[in-house]
Amino acid sequence: MPPPSQPAAFVERVLCVLAHPDDVDFGSAGTIAGWTNAGTDVTYCIVTDGDAGGFDETPREQMPVLRRAEQRAAAAEVGVSDVRFLGYPDGRLELTLDLRRDISRVIRQVRPQRVLTSSPERFWDRIGASHPDHMTVGETTLRAVYPDARNPFAFPELLDDEGLEAWTVSEVWLGASPRADHVVDVTDTVPQKFAALRSHVTQVSHNPDLETFVTAWMADTAQRFGLPEGRLAEAFHVVHTA
Ligand SMILES: [Zn+2]
């Protein structure tokens, strides 16, 4: 296999498309903090409100409101202020033309050079990473990147009714991928990542070991990619889509 070509050193705009509030923070918040600290504008598009998540007696109808607020607070910890929600039902996502259109709309609005999403591939060694909603969002986002968002004749209502011009995304970064090929040293932004994770109170407040297990996970990633002892990392499969 040829060595993968490197992603761009700097991009102006990044769009992160994830299924649930907190998905972006577990796998990618350290990387995102590095981008915003360098001056990149990052937008989050969260497809569901995570209304099937949580662990306590919180009334279910309050969950979407709470989880949107938690995701906005988490975003602020890593320098992200533009957080959009598509409001699809948690746990029941399917790959539909409606979802392709809705993600294509956000791509054309934001015009990102880089999109971060979850892997559409099942991770056989770590089945919990492959929630069906995650794989659905990954596959749908890739279909929106190519061909929908760049094809002016795909979903013509986006151009005709909303004036959204076609847009070509150059890179897609896939999280929780069984074929991760790009490592990001996040040691310096880990405090921001933990602040973001702690913002998801309905999800993590029952887990006193959260930082221990996330740290072990990032140390393992760093070691796997040959980073020096004591470093922490997040890893992605980078796909060149220009
Ligand atoms: Zn999730």
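Keep in mind it's a predicted model, so treat the numbers as computed, not measured. (Residues numbered from 1 in each chain as written. Predicted model: local features only at pLDDT ≥ 70, side-chain atom pairs only at ≥ 80, totals over all residues. Heavy atoms only, no water.)

1. Some thoughts on the sheet that holds strand β5 (residues 171-175)
Next up, step 1: Judged by pairing direction, the sheet is mixed, and its 7 strands sit side by side in the order β3-β2-β1-β4-β5-β7-β6 without closing on themselves. In this open sheet, the two strands that pair with only one neighbour each are β3 (82-88) and β6 (182-185). Averaged over neighbouring strand pairs, the angle between their axes works out to 25° when direction is ignored.
Next up, step 2: Of the strand pairs in this sheet, strand β1 (residues 13-18) and strand β2 (residues 41-48) are connected by 6 bridges, and their pairing is parallel. (Pairing = 2+ DSSP bridges. Helix = DSSP H or I, 4+ residues; strand = E, 2+ residues; numbered from the N terminus. Axes fitted to C-alpha atoms, helices over the stretch in contact; angles between N-to-C directions.)

2. Re the pattern of salt bridges
Next up, step 1: Per the counting criterion, the structure on display carries 16 salt bridges.
Next up, step 2: Residue R84 pairs with D82 through a salt bridge whose shortest N-O separation is 2.9 Å.
Next up, step 3: Of the residues examined, R84 reaches a relative accessible area of 26% and is grouped as partly exposed.
Next up, step 4: Residue class for D82 comes out partly exposed when judged on its relative accessible area of 26%. (Salt bridge = Lys/Arg side-chain N within 4 Å of Asp/Glu carboxyl O. Buried < 20%, exposed > 50% of the residue type's maximum accessible area, 1.4 Å probe, protein only.)

3. Observations concerning the environment of D188
Next up, step 1: Summarising the element assignment, D188 is placed in the loop between β6 and α6 (190-198).
Next up, step 2: In the structure, D188 is positioned 155 residues away from A33 in sequence and 9.4 Å away in space, judged by C-alpha atoms.

4. Considerations on the side chain of S177
Next up, step 1: Mapping S177 onto the fold places it in the loop between β5 and β6.
Next up, step 2: Its relative accessible area of 7% is what places S177 among the buried residues.
Next up, step 3: At 3.0 Å, the side chain of S177 and the backbone nitrogen of R179 are in polar contact.
Next up, step 4: With near-sequence residues (within four places) excluded, S177 lies in contact with S119, E121, F123 and H237. (Polar contact = N/O pair within 3.5 Å; in protein donor to acceptor, adjacent residues only side chain to side chain. Contact = heavy atoms within 4.5 Å.)

5. A look at the state of the cysteines
Next up, step 1: Within the structure shown, the criterion is met by 0 disulfides.
Next up, step 2: With no disulfide of its own, C16 lies closest to C45 among cysteine sulfurs, the gap being 9.9 Å. (Disulfide = S-S within 2.5 Å.)

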